[in-house]
Amino acid sequence: LPLEPIKNADGSGLRISIEYPGRRVYARAWKVSIGTVALYLLDTNIEPNNRYDQDITDQLYGGDKDLRMHQEIMLGIGGVRLLKALGLNVTAYHMNEGHAAFMALERIRMLIQEDGLSFEAAKQMVMSSSMFTTHTPVPAGFDLFPPDMVMYYLGEYAHIFGLSRDEFLALGRENTGDLSAPLNMAILAIRMSSSINGVAQLHGVVSRDMFQHLWSG
């Protein structure tokens, strides 16, 4: 296969890490060459990760909500950290379905902590350089995470952004006034993007009907 591990200048394998509650999880990086296109993959099946964490990247769409949360943190947040570790000058980010929506939170964090931007300025910069493609034609197909779970895993981002619990959760809530509503990954991706599309004309019609409540009138 046209697959190779990505290495640092000293020959060691390139790794990124993410802080999960009570521990740090590591992922190595692989490069797949598809013609002239480079596809980068994250792989948690390495030490010193524990057995559970080694399986985060093992099976797509498997497990319970906790595993889905682990996977989508690794994809979204870990993906941004990998691109930075590779030294790539990324000018546009594409979320292919809502699974990678946490990417926007990590980008905002970096702009606040590393570039000194305010939350609103960072949010606008992220929105202006992000796009979202939705594939799912039914609301039941979107990942929904309970408020307490979101704050358990990502509460530090709310603190960094200077947002209250409900202000933070409102970034991905269908009805921002419903304080018990879950965080919807598709809604988060939509709110963090300046360009949104479907995968076919009919799907566009269906998606406009599903998401029209996000735009008053």
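Placed above this text is the structure.
Residues numbered from 1 in each chain as written. Predicted model: local features only at pLDDT ≥ 70, side-chain atom pairs only at ≥ 80, totals over all residues. Heavy atoms only, no water.

(A) Here's a closer look at the environment of Gln124. If you trace the backbone, Gln124 turns up in helix H4 (residues 119-128). For the pair Gln124 and Val80, spaced 44 residues apart in sequence, the C-alpha to C-alpha distance is 17 Å. (Helix = DSSP H or I, 4+ residues; strand = E, 2+ residues; numbered from the N terminus.)

(B) Quick peek at the nonpolar core. In terms of nonpolar packing, the biggest core is built from 58 residues, with Ile73, Met74, Phe102, Leu105, Leu154, Phe161 and Phe168 touching the most fellow members. Among the elements that take part in this core, helix H5 (residues 147-161) stands out by supplying 9 residues, more than any other. With sequence-adjacent residues up to four places away left out, Leu105 is seen in contact with Leu154, Tyr157, Phe161, Phe168, Leu171 and Leu188. (Core = buried A, V, L, I, M, F, W, Y, C linked by side-chain atoms within 4.5 Å. Buried < 20%, exposed > 50% of the residue type's maximum accessible area, 1.4 Å probe, protein only. Contact = heavy atoms within 4.5 Å.)

(C) Quick look at the packing of helix H2 (residues 65-85) against H5. Close contact between H2 and H5 brings their axes to 10 Å; oriented N to C, the two are set at 20 degrees. As summarised for this structure, H2 and H5 are arranged roughly parallel, according to the angle between their axes. Every pair of crossing elements has a handedness; the one defined by H2 and H5 is right-handed. Across the interface between the two elements, Lys65, Asp66, Met69, His70, Ile73, Ile77 and Arg81 from H2 touch Met149, Val150, Tyr153, Leu154 and Tyr157 from H5. Across the contact of H2 with H5, the residue classes tally to 8 nonpolar, 1 polar and 3 charged. (Axes fitted to C-alpha atoms, helices over the stretch in contact; angles between N-to-C directions. Parallel < 35°, antiparallel > 145°, perpendicular 65-115°, else oblique. Left-handed = near helix turned anticlockwise from the far one by under 90°. Nonpolar A, V, L, I, M, F, W, Y, C, P; charged D, E, K, R; others polar.)

(D) Just a nonpolar patch on the surface, in detail. A grouping of Leu1, Leu3, Ile34, Val37, Leu39 and Leu41 is seen on the molecular surface, where their side chains present a nonpolar patch of about 590 Å² in accessible area. Ranked by residues supplied to the nonpolar patch, first place goes to strand E4 (residues 37-43) with 3 residues. Among the structural elements, Ile34 can be located in strand E3 (residues 23-34). Judged by its relative accessible area of 48%, Ile34 falls in the partly exposed class. (Patch = residues over 30% accessible without salt bridge, like charges linked within 9 Å, V, L, I, M, F, W, Y side chains within 5 Å. Areas by Shrake-Rupley, 256 points an atom, 1.4 Å probe, with all protein chains shown as cover. Salt bridge = Lys/Arg side-chain N within 4 Å of Asp/Glu carboxyl O.)

The values are spatial; any link to function lies outside them.
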